[in-house]
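Here are the chains, one letter per residue:
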Amino acid sequence: KAGVTQTPRYLIKTRGQQVTLSCSPISGHRSVSWYQQTPGQGLQFLFEYFSETQRNKGNFPGRFSGRQFSNSRSEMNVSTLELGDSALYLCASSLSHGPNTGELFFGEGSRLTVL
Amino acid sequence: GQQVMQIPQYQHVQEGEDFTTYCNSSTTLSNIQWYKQRPGGHPVFLIQLVKSGEVKKQKRLTFQFGEAKKNSSLHITATQTTDVGTYFCAGPWGGSYIPTFGRGTSLIVHP
């Protein structure tokens, strides 16, 4: 069974630009969560999608948005990039959501550098 | 900010020594998970603990969930260079079911 696939793996942008990251969950997984990982803040929860609906959102500004498609694939978008947005963006899928979310399966991540 | 304290932040050990990392919460947790992230890699699920006082073992790794379900620990016996990485605990803190991650403990094993 294929794992969680994230694209692109690496990208470089300049301040003010916008970026879209993609995540394909494990087949059959309907929940997709996004996390931002930086050396200073660790793993910070961005948002979670289940059945094309955003179920939870972390404490990030509105420049961070996402969506989920009917095939469970998810995208996240960051607009008006700032230097502080440089991070590893991790996508994780799970079979279900809610109190029994269970194990998270992470992708390799998309490493974003903002210059 | 982080809602769980994980200590220590870093731990250097000589190969063969033991290692322990601790996770502490001010609130009772319904469950706690542990993940390992190798340098340059992504977090990989190790285990989930659910019951009060639960102890689970995976070869040289021993996981414990406190009686009050507010703390947890991961103990590695006789570390090996393959144990190098950052160990994270994650739990549904603050009334949410979303796994919130601790800052992690980076284990460095010197041969």
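Given the structure is predicted, the values throughout are model-derived calculations rather than measurements. (Residues numbered from 1 in each chain as written. Chains lettered and ligands numbered in written order. Predicted model: local features only at pLDDT ≥ 70, side-chain atom pairs only at ≥ 80, totals over all residues. Heavy atoms only, no water.)

A. Spatial organisation of the overall build of chain A. In terms of regular secondary structure, chain A is built from zero helices and 11 strands. Secondary structure elements of chain A, listed N to C terminal, follow the sequence β-β-β-β-β-β-β-β-β-β-β. Over its C-alpha trace chain A gives a radius of gyration of 13 Å, about what one expects of a compact globule, namely 13 Å for 115 residues. A buried classification covers 50% of the 115 residues belonging to chain A. Carbon together with sulfur atoms contributes 48% to the accessible area of chain A, which is approximately 5,400 Å² in total. When the 11 basic and 7 acidic side-chain charges of chain A are each reduced to a single mean position, those positions are 3 Å apart. (Helix = DSSP H or I, 4+ residues; strand = E, 2+ residues; numbered from the N terminus. Rg over C-alpha atoms; globule rule 2.2 N^0.38 Å. Buried < 20%, exposed > 50% of the residue type's maximum accessible area, 1.4 Å probe, protein only. Areas by Shrake-Rupley, 256 points an atom, 1.4 Å probe, with all protein chains shown as cover. Lys, Arg positive; Asp, Glu negative; His and termini not counted. Charge placed at Lys NZ, Arg CZ, Asp CG, Glu CD.)

B. Quick peek at a nonpolar patch on the surface. All names here are of chain B. The grouping of M5, I7 and Y22 at the surface amounts to a nonpolar patch, some 310 Å² of accessible area in total. Locating M5 in the fold gives a position in strand β1 (residues 5-7). On the basis of relative accessible area, M5 is assigned to the exposed category, the value being 55%. (Patch = residues over 30% accessible without salt bridge, like charges linked within 9 Å, V, L, I, M, F, W, Y side chains within 5 Å. Salt bridge = Lys/Arg side-chain N within 4 Å of Asp/Glu carboxyl O.)

C. Quick peek at the pairing of strand β7 (residues 61-65) of chain B. All names here are of chain B. Among the five residues of β7, four are classified as buried, and the element is accordingly described as predominantly covered. Direction of pairing for strand β6 (residues 55-58) relative to β7: antiparallel, over a ladder of four bridges. Residue pairing in the sheet places K57 in a bridge with T62 of β7. The turn joining β6 and β7, which pair antiparallel and follow one another in sequence, is formed by two residues; a positive phi near 55° is taken by K59. By the bridge criterion, five bridges tie β7 to strand β8 (residues 71-76) in an arrangement that is antiparallel. Paired with L61 across the strands is I76, a residue of β8. A loop of five residues connects β7 with β8, the two strands running antiparallel in sequence, and K69 in this loop sits at a positive phi of about 55°. (Pairing = 2+ DSSP bridges.)

D. Geometry of the sheet that holds strand β7 (residues 64-68) of chain A. Residue and element names in this part refer to chain A. Taken together, the four strands give an open sheet; going across it, the order is β1-β3-β8-β7, and neighbouring strands pair in antiparallel fashion. Unpaired on one side and paired on the other, β1 (5-7) and β7 mark the two borders of the sheet. Neighbouring strand axes in the sheet, compared pairwise and without regard to direction, differ in orientation by 15° on average. By the bridge criterion, three bridges tie β1 to strand β3 (residues 19-24) in an arrangement that is antiparallel. The partner of T5 across the bridge, within β3, is S24. (Axes fitted to C-alpha atoms, helices over the stretch in contact; angles between N-to-C directions.)

E. Highlighting the environment of A:K13. Residues and elements named next belong to chain A. Examined against the element boundaries, K13 turns out to sit in strand β2 (residues 10-13). It is 9.6 Å that separates the C-alpha atoms of K13 and E82, two residues lying 69 residues apart in sequence. If near-sequence neighbours (up to four positions away) are discounted, K13 is found in contact with Q18, V19, L81, L112, T113, V114 and L115. (Contact = heavy atoms within 4.5 Å.)

F. Looking closely at the nonpolar core. Counting residues in each nonpolar core, the largest one holds 21 residues, and the members touching the most others are A:W34, A:L46, A:F64, A:M76 and A:Y89. For this core, the elements supplying multiple residues, two or more each, are β3, β4 (31-38), β5 (42-50), β8 (74-78), β9 (87-94) and β11 (110-114) of chain A. (Core = buried A, V, L, I, M, F, W, Y, C linked by side-chain atoms within 4.5 Å.)

G. Examining the state of the cysteines more closely. Taken as a whole and assessed by the stated rule, the structure comprises two disulfides over all chains. A:C23 shares a disulfide with A:C91; S-S distance 1.8 Å. Given an S-S torsion of about -55°, the disulfide between A:C23 and A:C91 has left-handed geometry. With a gap of 68 residues between them, A:C23 in strand β3 and A:C91 in strand β9 connect regions that are remote in the sequence. Classification of A:C91 as buried rests on a relative accessible area of 0%. Between the sulfur of B:C23 and that of B:C89 lies a disulfide, 1.6 Å long from S to S. (Disulfide = S-S within 2.5 Å.)

H. Geometry of the pattern of salt bridges. Residue and element names in this part refer to chain A. Under the defined criterion, the tally for this structure stands at six salt bridges over all chains. The shortest N-O distance in the salt bridge between E75 and R67 comes to 3.2 Å. Of the residues examined, E75 reaches a relative accessible area of 15% and is grouped as buried. Sharing partners across several salt bridges, the network here consists of R63, E82 and D85.

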